[in-house]
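Architecture at a glance
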There are 2 protein chains.
Amino acid sequence: MDIFENLKNSAIVFDGAMGTMLQKKGLKTGECPEYYNLSHPDIVYEIHKSYIDAGADVIETNTFGANRIKLKSYNLSDKLPEIVKSAVQIARKAAGDKAVALSIGPIGELMEPFGKLTFDEAYSAFAEVAVEGEKAGADLALIETMSDILEAKAAILAVKENTNLKAICTMTFQEDGRTLMGTDPVTAVVSLQGLGLDAIGVNCSTGPDMMADIVKKMAEVSRIPILAQPNAGMPHLEDGKTLYDITKEQFAVETKKLLECGASIVGGCCGTTPEFIKLLKAEVHGTEKDSIVKKYTAVSSNTKTIFIGSDYPVCIIGERINPTGKKKLSAAIREGNFNLIYDEALSQEKLGASVLDVNIGVPGINEEELMPKIISQVQNIVNVPLQIDSSNVRAIEKAVRVVRGKPIINSVSAKEKSLQEVLPIVKKYGTSVIGLTISDDGLPKNADERLKNAEKIVKAALDYGIPKEDIIIDCIALTVSSEQTAAMETLRAINLVKSKLGVSTVIGLSNISYGLPERQFINTAFLAMAVSYGLDAVIVNPNDKITMDILNASMVLSSRDKRCERYINTYKKDDGTNKTPVSSVEKKTDVNASDML
Amino acid sequence: MDIFENLKNSAIVFDGAMGTMLQKKGLKTGECPEYYNLSHPDIVYEIHKSYIDAGADVIETNTFGANRIKLKSYNLSDKLPEIVKSAVQIARKAAGDKAVALSIGPIGELMEPFGKLTFDEAYSAFAEVAVEGEKAGADLALIETMSDILEAKAAILAVKENTNLKAICTMTFQEDGRTLMGTDPVTAVVSLQGLGLDAIGVNCSTGPDMMADIVKKMAEVSRIPILAQPNAGMPHLEDGKTLYDITKEQFAVETKKLLECGASIVGGCCGTTPEFIKLLKAEVHGTEKDSIVKKYTAVSSNTKTIFIGSDYPVCIIGERINPTGKKKLSAAIREGNFNLIYDEALSQEKLGASVLDVNIGVPGINEEELMPKIISQVQNIVNVPLQIDSSNVRAIEKAVRVVRGKPIINSVSAKEKSLQEVLPIVKKYGTSVIGLTISDDGLPKNADERLKNAEKIVKAALDYGIPKEDIIIDCIALTVSSEQTAAMETLRAINLVKSKLGVSTVIGLSNISYGLPERQFINTAFLAMAVSYGLDAVIVNPNDKITMDILNASMVLSSRDKRCERYINTYKKDDGTNKTPVSSVEKKTDVNASDML
Ligand SMILES: [Zn+2]
Ligand SMILES: [Zn+2]
Ligand SMILES: [Zn+2]
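Residues numbered from 1 in each chain as written. Chains lettered and ligands numbered in written order. Predicted model: local features only at pLDDT ≥ 70, side-chain atom pairs only at ≥ 80, totals over all residues. Heavy atoms only, no water.

**So, the relation of the copies chain B and chain A**
Stated precisely, the cut-off is as follows: Copies overlap after least-squares fitting; the atoms used are the C-alpha atoms of residues with pLDDT of at least 70 in both. Here, residues are in contact when the closest pair of their heavy atoms is within 4.5 Å.
When chain B is brought onto chain A, the operation consists of a screw motion whose angular component is 180° and whose axial shift is 0.0 Å, with 0.1 Å RMSD remaining. Accordingly, the operation relating the two chain copies is best matched by a two-fold axis. Minimal C-alpha distance to the rotation axis in chain B is attained by M529 of chain B, lying at 2.2 Å. A symmetric contact is evident, with 100% of the interface residues of chain B recurring at the interface of chain A.

Below is the structure:
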């Protein structure tokens, strides 16, 4: 059955806890819960059956910890295929015409840089479970209780690349509202939903009441259905037993409220029983939900989301990690010394960059090997999202796979070859992409040609199923000293592209002033103008103080800095002193973060 | 007869020399030529008659030096009324149905600051001649051979305010193309044509061939017919007699060519005789001329014209001479110490201001007395045009009278009272005026209200006969910290006003950043934006280096700095050094001058 079809008519209900139910039925601390699929299939069946009888529309297989790496601690790695097969078959038998979700929990070891697990190791382990689960007849995959969005991404890609299963992914959050690895609910959704998920959500974590805020935040940005599976309140120990602190009636009422917060699928996690699910089912029965498609442009790192568009500050994309025209950096990259890159990353973040462009294009290097390595390292030392900038499509894809968050790909153009090569990667990994308004006819001559090229990119993207909000059109600033009217054409194009196509816009500032003295004045003036024509993002050197100062002012004038708060915070004078801060932007690194929602 | 009616069909011809003709007929060096009107009316008549017989459409009375001040040297001041009366009557008798122009030459003494003659003294002397001439039956006044545009202005105002005579004014230029006082032909036309003249032009100076360039320059900017009266070539002494070096045939052919350069009235000056005029008349007979109305906005000082509009650099109007919020300057003005004003004038000109705003509004001073005094002094020490900024309409008018050049009046608004009080002054003195888009309903709420107020000002101005090119609309930049969307509304208004009304635009930068730290960043960003929306002029502190730097760059980007020449000249590095000039604009003070034509 396709549960997502049913969703159109009514909220649907997942089952409740498996682990705490197994403990009630005799599972001891230190025993492998998943081995019960082989040793006590009757007990597992009984639990599933009682959830079906309680009215669950979907039950989850007893495979939460069933992966080769975790099973190693029980010396059961070789049993993995058998365990998964049995688990799915038991659930299948109990489910009748209801759906069986293959539960895929975390590997149980931390991924780099928090631990030693590599992306490829996690991916392989997840792929094995997914393949076995599909073979045994699971209806969908439920990647659950995730804390690391990169681990979740490995699991999602493993499912999508190796099976035809639909996939849901739920994250678990701590009391501070972030996952163990620091990801907030908005960033989790922004980072993962584009990877081909059919639903996303939150499980475990807390009781239903405290989950409301997380669900609301997810719903603000989610373009797919939201699944919420709270615990039966908060756990506490009583007489040596773990008890949960709310009743099934409270659970049912509070969990129902999560539907109003934006969830359309609910169920239970730790401490919930078939009784909880039965009351919940009764409570939510027949609830309908309009799905509202969210329109916004956003990119993310592990810990923050940057929104891009007219209602947000202009997104400052640091341009400094780029060896073009930089002899020292080129040589260092060629010699395998990346410290200059890491220094630039840290420095640009400190100077106020919201996103960092990473380009390592030096002739003679193995970009496919180096780009993912450098991207991984850069994302470990800064908190801002990354923009992967390369003309090597394979290098782009390899880097995109290992990004913790939603990156920007720089770039696709309106050239046929570029559209065909780059857009499938954008679609598959749910990234944003810069759409360069160059076509097979060359550079655009005027605003109308820029618009035409932008239209072509947007249309092609839509044909691939890419939401147009993920496209950021680069209206191309040409060298003003060689073609003076080009600057105004770029400005006109920014306005046209935004108003006619409804997509965000970006420009790079490096070309426009080429060949002129005091280039920063030209760059800065053009940036102020562009902001007034609706520019949403700029690829810029955040170390140009005058450019950043005027950009900050431009945000005030274009109402992108609401109530001038950001500007005043940046420039307000300390008591008695009359000095401008050395870095004009030091104080605002968190302004464009996900806490705006 | 109304010669200006005839002009529609054909070029018309003035007579030739009187002075050199009188010398031939016996006038000796040291004799008063105008006294011949009383002593030898027959000789004067004979000369007039021979010009009429030669075909002149207009003859000029023998009154070139007939003013009370000049006649004093002959002890003939008291004879002035008699001399003028006789001169006009003689000419009248000779003229038949042809027209008699009352010749009004320079006073013969230099005006302040070049000499001691005051505006009022000159004005009174001219008024006396004009009144007597009109009474005696002259058809029009020909103010001629002027070197000082302020003396010309005194004469024009004397004629217009005291008689109903039509008026023509001709200037005389030296070999360097400027008058003795430094005025170029473009500046002469820009400064004088709006004072109610019916024609303007050039006389004496040179032979007709060398006059072509002057006539062309005048024609580029003149909205009224042009009169050209060259000498019979260049003078040289032969056997103790002054001879002129071209033949009457050469004269006729070359002077005819001045019609192609833009003149529509021709005649002769020194050395020409009735023979010259006869051949000239035959040469130009029946020549028709399309009058092309020139559309441009310009203001002028004694020595330069500043054009304002899309094809020119943004006009930088220095805002510093304004006591508002300046305690020291207010106190100095109140004490009658104007040195601070003169310092600011010099400093702003040096920093690149193209026009200086002069506001002395301090409570308790006699602005009507002080404003003309300060304006006179400021124009004596700087070369740039002035903007007279006052809420006291009588102070404005008194200052406007004594400006050497065409000033800007700051300002008229869309309030009924303001329109009624200010526009008549703009019309009478042919000034430019800033049209403030405030109405009786108060500050404009959005771009459309600004447009509506601008429309009202333009319509009222047209009703007064003011060309709309003389209106510069201030789209009003409000304080962004108190109303954040206002900045974008001002930008929209600039675009609307320019495109819908076809007039130039200006803003003042002082309000927008009020209440915010680092105000120059806000001012600068807004200025760059405004330039990209079509702003033509800005009232600004030219001592804000960042503002001037970004303005210079903005002119490159908006194609107002053709081929980036101005920018490159300002910022190009000297060999070996890498420094920005301390003053970013020092080198460009002459860029927006009349030599662009
Ligand atoms: Zn749980
Ligand atoms: Zn659970
Ligand atoms: Zn002459």
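Past the structure itself, the notes keep going.
**Considerations on the sheet that holds strand β13 (residues 315-321) of chain A**
All names here are of chain A. The condition is simple: DSSP-based pairing: two strands are paired if at least 2 bridges between them are found. Numbering of helices and strands runs from the N terminus, with a helix taken as a DSSP run of H or I at least four residues long and a strand as a DSSP run of E at least two residues long. Each axis is a line fitted through C-alpha atoms, and for a helix only the stretch in contact is used; angles between axes span 0 to 180 degrees, taken between their N-to-C directions.
Pairing is parallel around the closed barrel formed by 8 strands, whose spatial order is β13-β14-β15-β16-β17-β18-β19-β20. Taking each pair of neighbouring strands and ignoring which way they run, the sheet shows an average axis angle of 30°. The pairing of strand β16 (residues 408-413) with strand β17 (residues 432-436) spans 5 bridges and is parallel. Within β17, the residue paired with V412 across the bridge is G435. Docked against the sheet, helix α19 (residues 486-501) engages β18 (471-474) and β19 (504-508), running at close to 160° with respect to β19.

**Some words on a nonpolar patch on the surface**
Note the following rule: Residues forming no salt bridge and having over 30% relative accessible area are the ones grouped into patches, like charges within 9 Å of each other and nonpolar side chains (Val, Leu, Ile, Met, Phe, Trp, Tyr) within 5 Å. Throughout, the Shrake-Rupley method with a 1.4 Å probe supplies accessible areas, and for residues the shown protein chains are the sole cover considered. One side-chain nitrogen of Lys or Arg within 4 Å of one carboxyl oxygen of Asp or Glu is enough to make a salt bridge.
A contiguous nonpolar surface patch, about 280 Å² in accessible area, is contributed by L110, F114 and L180 of chain A. One can find L110 of chain A in the loop between β3 (99-104) and α7 (119-136).

**Focus: the coordination of the zinc ion (ligand 1)**
Residues and elements named next belong to chain A. What counts here: Donor criterion used throughout: N, O or S atom within 2.8 Å of the metal, extended to 3.2 Å for Na, K and Ca. Water excluded; incomplete-looking sites may result. Categorising residues by exposure relies on relative accessible area from a 1.4 Å probe, with only protein chains included: less than 20% of the type maximum marks a residue as buried, more than 50% marks it as exposed, and the intermediate range marks it as partly exposed.
Listed as protein donors to the zinc ion (ligand 1) are C204 (SG), C269 (SG) and C270 (SG); their distances from the metal cover 2.1 to 2.4 Å. Donor residues for the zinc ion (ligand 1) sit on one chain with the sequence pattern C-x64-C-C. Between the zinc ion (ligand 1) and the zinc ion (ligand 2), both coordinated by C269, there is a metal-metal distance of 3.8 Å. Taken together, the residues span a long stretch of sequence, with C204 in strand β6 (residues 199-204) and C269 in the loop between β10 (265-266) and α12 (274-284) at a distance of 65 residues. A residue is classified by how much of its surface remains accessible, and C204, at 15% relative accessible area, is buried.

**Observations regarding the packing of helix α4 (residues 41-54) of chain B against helix α6 (residues 80-95) of chain B**
All names here are of chain B. Our working definition: For classification, angles of less than 35 degrees are called roughly parallel, those exceeding 145 degrees roughly antiparallel, those between 65 and 115 degrees roughly perpendicular, and all remaining angles oblique. Whether a crossing is left-handed or right-handed is set by the direction in which the near helix is turned from the far one by less than a right angle, anticlockwise for left-handed and clockwise for right-handed. Three classes are used, and their members are as follows: Ala, Val, Leu, Ile, Met, Phe, Trp, Tyr, Cys and Pro are nonpolar, Asp, Glu, Lys and Arg are charged, and the others, Gly among them, are polar.
Here α4 crosses α6 at 40°, and the two axes come no closer than 9 Å. It follows that α4 is oblique to α6 by the angle criterion. By crossing handedness, the relation of α4 to α6 is classed as right-handed. Residue-level contacts link P41, V44, Y45, H48, K49 and I52 of α4 to I90, A91, K93, A94 and A95 of α6. Each residue belonging to the contact of α4 with α6 can be placed in one class, and the counts come to 8 nonpolar, 1 polar and 2 charged.

**What to know about the packing of aromatic side chains**
Residue and element names in this part refer to chain B. Put simply, the rule reads: What counts as a ring pair is set by centres within 6.5 Å for rings of Phe, Tyr and Trp (its six-membered ring), and what kind of pair is set by the plane angle: stacked under 30 degrees, edge-to-face over 60, tilted for all other angles. As a reminder, the over-ring test applies to NZ of lysine and CZ of arginine, requiring each to be within 6 Å of the ring centre and within 35 degrees of the ring normal.
Throughout the structure, instances matching the rule amount to 13 aromatic pairs over all chains. An angle of 65° between the planes, with centres 5.2 Å apart, marks the rings of F251 and F276 as edge-to-face. Here F251 is found in helix α11 (residues 248-261), whereas its partner F276 is found in helix α12 (residues 274-284), with 25 residues between them in sequence. For F251, a relative accessible area of 0% corresponds to the buried category. Between the aromatic rings of Y567 and Y571, the centroid separation amounts to 4.6 Å while the plane-to-plane angle is 50°, which identifies the pairing as tilted. Here Y571 and Y567 lie together in helix α22 (residues 565-571), a separation of 4 residues that amounts to about one turn. Y567 gets classed as buried once you look at its relative accessible area, which sits at 0%. The lysine or arginine in question, R223, covers the ring of Y296, its NZ or CZ lying 4.7 Å from the ring centre.

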